[in-house]
Amino acid sequence: MSKKDYNFPADLHYDGKNHMWVKKENDNIVLVGIDAIGLDTLGDLAYITLKPEGTIVKKGEPIGTLEAAKMTGDIFAPVSGKISAVNAACVENPGIVNDDHYGKGWMVAIDASDWSTESTALISGEKLQPWIEAETHRMETQGFDA
Amino acid sequence: MRWRLICDDNVHASFGLAADEVLTRRVGLGKSVPVLRLYSYKNYCALVGRFQDVHSELNLDYCKQSALSINRRPTGGGAIFMGENQLGVAMCIPGKDDDTYGRARELMARFSEGIISGLNALGVAAQFRRKNDIEVDGRKIAGLGIFRDSSGGLLFHSSILVDMDIAMMLKVLNTPFEKISDKEVATVAERITTVCREGKRRIAISEMRVKISEGYQKVFNISFEKDDFSLEEKEEIADLEKEKYLRQDWVFQTPHVKDSVGMAKLKTEKGLLDIRLTLAGQQIKALFIRGDFFAAENAVADLEGSFRWHSSNQQKIEDTLNKVYTLRKNELSSLPLEALKKAVNQALQRAKILERKQASEPYGCFVTPGGNAHV
């Protein structure tokens, strides 16, 4: 079995449970998207819906739904706050997420309400590499993240 | 491990779908052990995939005239036609932290093993086909889908064609071809198959149930306890029907990514080639191949099946065509590969032009000013 080389940019934070990435922008605004293992687990995305701007979300709650090659399901908020922007381009063309999920394929921006607490539960910095290795191993032996 | 086995028949579309979702949620929340539900719908209903548009997928006038119920599944994929001769399979299991499925590299393949085992026991040489079909020598016999509930529960859905009234199905489900002729019915009949046809005898839903449940017992090393919905589950199902599956805004919601269909007709030395390609964003949803060439229908069905939810990348399309032709060289000898590549590409380019046109229309099915409704 060939070992997959998943890309996890070091400047991002990751929600280890739901495989979403978080990028801290100015103030408490964070950009949110799906990470490499999340996308590989789901397969190419075909459809996405996202909750509208202004929606208050809690960490772990759905911020949208998706249909991918392997399943349909919810997209989960990695942090709590208010959705401050929705990437309409990826809703119109989910192929953007398939092609550039760390860049143009960002999904929503959230005005995080408790970044200082919730960010500690995200994976980043020195915790990142061990987590990537563990998750890659898990994907190779289990092939699935539910 | 002991699972619940729930069997019911003659169910209404909204009840059937709500029951699956409630069971999945309860399993995800730890309120129920895993459940295998084997059921059939009341004649007839049409169920579209999670993000499909009922207006483009179904002949709504005919559905209304014939009092067919229509609804929307939580799982993805294409529209299906269900009644007393199609067996619905709903496997509701916990998602994470369950070692039973820990080594399942490919979930859909793993979950379909119980069905395949049951079909094999009936003498049907069924096998899993990526991404979401079970087929017999290129002909689809069952569709598959997975829904991950926010509770963490997983719903694996399948519809098994025990038997099928194809003429009726084609009246209900829209196809990209202009009219439903006897030839079209015959073509579709050759590209899908049924358990009765493969088993060469009449096979009752009750017999299928026994074989499928035995298949799951064997594959997952479990035992079943025959059960029914609890009172609490019945109440939750009734609530979910009201909140979701009986609501027009669930059934008639329109997708943000509108399908576009491109067509191409090409004269080849072996006959006319007539291609329809349905594109959703950058994904090919379906490829339909018709014409007056003489190729084995199961091989053409295999070609069509290879392009369900396929990338529209030109190189990937060529790779897939080459792969199928390598496997089925003799059966496809009357369908020239180069002509097919050309026709598929033409249909794709036309679908893309249509897609761009739709995208430029300000009030189409794409995102409208003011944001997206999340349903």
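Please read these numbers as outputs of a predicted model, since none were measured by experiment.

Each value, and the rule that gives it
- Along each chain, numbering runs from 1 in the same order as the chain's sequence is written.
- As a convention, the first chain written is A and the first ligand written is 1, with the rest following in written order.
- Given that this is a predicted model, residues contribute local features only at a pLDDT of at least 70 and side-chain atom pairs are listed and counted only at 80 or more, while totals for whole chains, interfaces and linings are drawn from all residues.
- Side-chain measures were taken over the full set of non-hydrogen atoms in the model, leaving aside hydrogen atoms and water.
- At least two bridges found by DSSP between two strands is the condition for calling them paired.
- We count a stretch as a helix when DSSP gives it H or I for four or more residues in a row; a strand needs E for two or more, and each element gets its number in order from the N terminus.
- Axis angles are defined between N-to-C directions and span 0 to 180 degrees, where every axis is a line fitted to C-alpha atoms and, for a helix, only to the segment in contact.
- The rule is simple: take the accessible area with a 1.4 Å probe, protein chains only, and divide by the maximum for that residue type; under 20% is buried, over 50% is exposed, in between is partly exposed.
- In this tally Asp and Glu are treated as negative and Lys and Arg as positive; neither His nor the chain ends contributes.
- For this document, the term salt bridge refers to a Lys or Arg side-chain nitrogen within 4 Å of an Asp or Glu carboxyl oxygen.
- Distance and chemistry together define a polar contact, namely a pair of N or O atoms within 3.5 Å, with one atom able to donate a hydrogen and the other to accept it when in protein, and with adjacent residues in sequence counting only for side-chain atoms on both sides.
- What makes two residues a contact is simply this: any of their non-hydrogen atoms within 4.5 Å.
- Residue ranges labeled as domains rest on an automatic or database domain assignment.
- Once two parts are joined, some of their accessible surface, as seen by a 1.4 Å probe, is lost; buried area is that loss totalled over both.
- Our angle categories are set so that under 35 degrees counts as roughly parallel, over 145 as roughly antiparallel, 65 to 115 as roughly perpendicular, and the remainder as oblique.
- Ring geometry is summarised as follows: Phe, Tyr and Trp rings, the Trp one being its six-membered ring, pair when their centres sit within 6.5 Å, and such pairs are stacked at plane angles under 30 degrees, edge-to-face over 60 and tilted between the two.

This next bit is on the sheet that holds strand E5 (residues 80-82) of chain B. All names here are of chain B. Overall, mixed pairing links the 3 strands, which are arranged E4-E3-E5 in an open sheet. In this open sheet, the two strands that pair with only one neighbour each are strand E4 (69-72) and E5. The average angle at which neighbouring strand axes cross in this sheet is 25°, direction not considered. As paired strands, strand E3 (residues 45-48) and E5 are joined by 3 bridges and run antiparallel to one another.

Here we come to the side chain of A:Glu118. Residues and elements named next belong to chain A. Considering the arrangement of structural elements, one finds Glu-118 in helix H4 (residues 115-118). The charged side chain of Glu-118 is buried without a salt bridge, its nearest counter-charge being Lys-59 at 6.1 Å. Here the side chain of Glu-118 touches Ser-80 through a polar contact of 2.6 Å, side chain to side chain. Ignoring any residue separated from it by four or fewer positions in sequence, one finds Glu-118 in contact with Lys-59, Val-79 and Ser-80.

Here we take up the domain arrangement of chain B. All names here are of chain B. What the domain assignment reports for chain B is domain 1 (2-251) and domain 2 (259-360). A straight line from the C-alpha centre of domain 1 to that of domain 2 covers 28 Å. Taken together, the contact pairs 21 residues of domain 1 with 21 residues of domain 2. Between domain 1 and domain 2 the total buried area reaches about 1700 Å² when both faces are included, carbon and sulfur atoms providing 43% of it.

Here we come to the sheet that holds strand E2 (residues 20-24) of chain A. Residues and elements named next belong to chain A. Sheet architecture is open: 6 strands sit in the order E1-E2-E3-E9-E8-E5, paired in antiparallel fashion. For this open sheet the edge positions go to strand E1 (13-15) and strand E5 (56-57), each flanked by a neighbour on one side alone. Judged from the 5 bridges that link them, strand E8 (residues 81-86) and strand E9 (residues 108-112) form a sheet pairing that is antiparallel. Note that in E9 the partner of Ile-83 across the bridge is Ile-110.

Here the idea is simple: oppositely charged side chains can pair when their charged atoms come close. All names here are of chain B. Applying the stated criterion across every chain yields a total of 32 salt bridges over all chains. Of the charged contacts, one joins Arg-4 and Asp-227 as a salt bridge, the two residues approaching to 2.7 Å between their closest N and O atoms. Remark: Asp-227 occurs in strand E11 (residues 223-227) and Arg-4 occurs in strand E1 (residues 2-11); sequence separation between them is 223 residues. Residue Arg-4 is classed as buried on the basis of its relative accessible area of 10%.

Residue and element names in this part refer to chain B. One can describe the packing of helix H6 (residues 182-191) onto helix H11 (residues 297-306) by two numbers: an axis separation of 8 Å at closest approach and a directional angle of 80°. Taken together, H6 and H11 sit at an angle that is classed as roughly perpendicular. Of the residues in H11, those in contact with Thr-187, Glu-190 and Arg-191 of H6 are Glu-297, Asn-298, Val-300, Ala-301 and Glu-304.

Residues and elements named next belong to chain A. The element strand E3 (residues 29-34) is extensively covered by neighbouring structure, given that 5 of its 6 residues are classed as buried. Strand direction decides the pairing type here: E2 and E3, joined by 5 bridges, are antiparallel. Note that in E3 the partner of Val-22 across the bridge is Val-32. The pairing of E3 with E9 spans 4 bridges and is antiparallel. For Val-30, the partnering residue across the bridge sits in E9 and is Ile-110.

Here the focus is the packing of aromatic side chains. Inspection of the entire model under this criterion finds 13 aromatic pairs over all chains. On the numbers, 5.8 Å between centres and 25° between planes, the contact of A:Tyr14 with A:Trp131 is stacked. Of this pair, A:Tyr14 sits in strand E1 while A:Trp131 is found in helix H5 (residues 128-141), placing the two residues 117 residues apart along the sequence. According to the relative accessible area criterion, A:Trp131 is buried, its value standing at 11%. Ring centres 5.6 Å apart and planes at 80° place the aromatic pair B:Tyr245 and B:Trp250 in the edge-to-face group.

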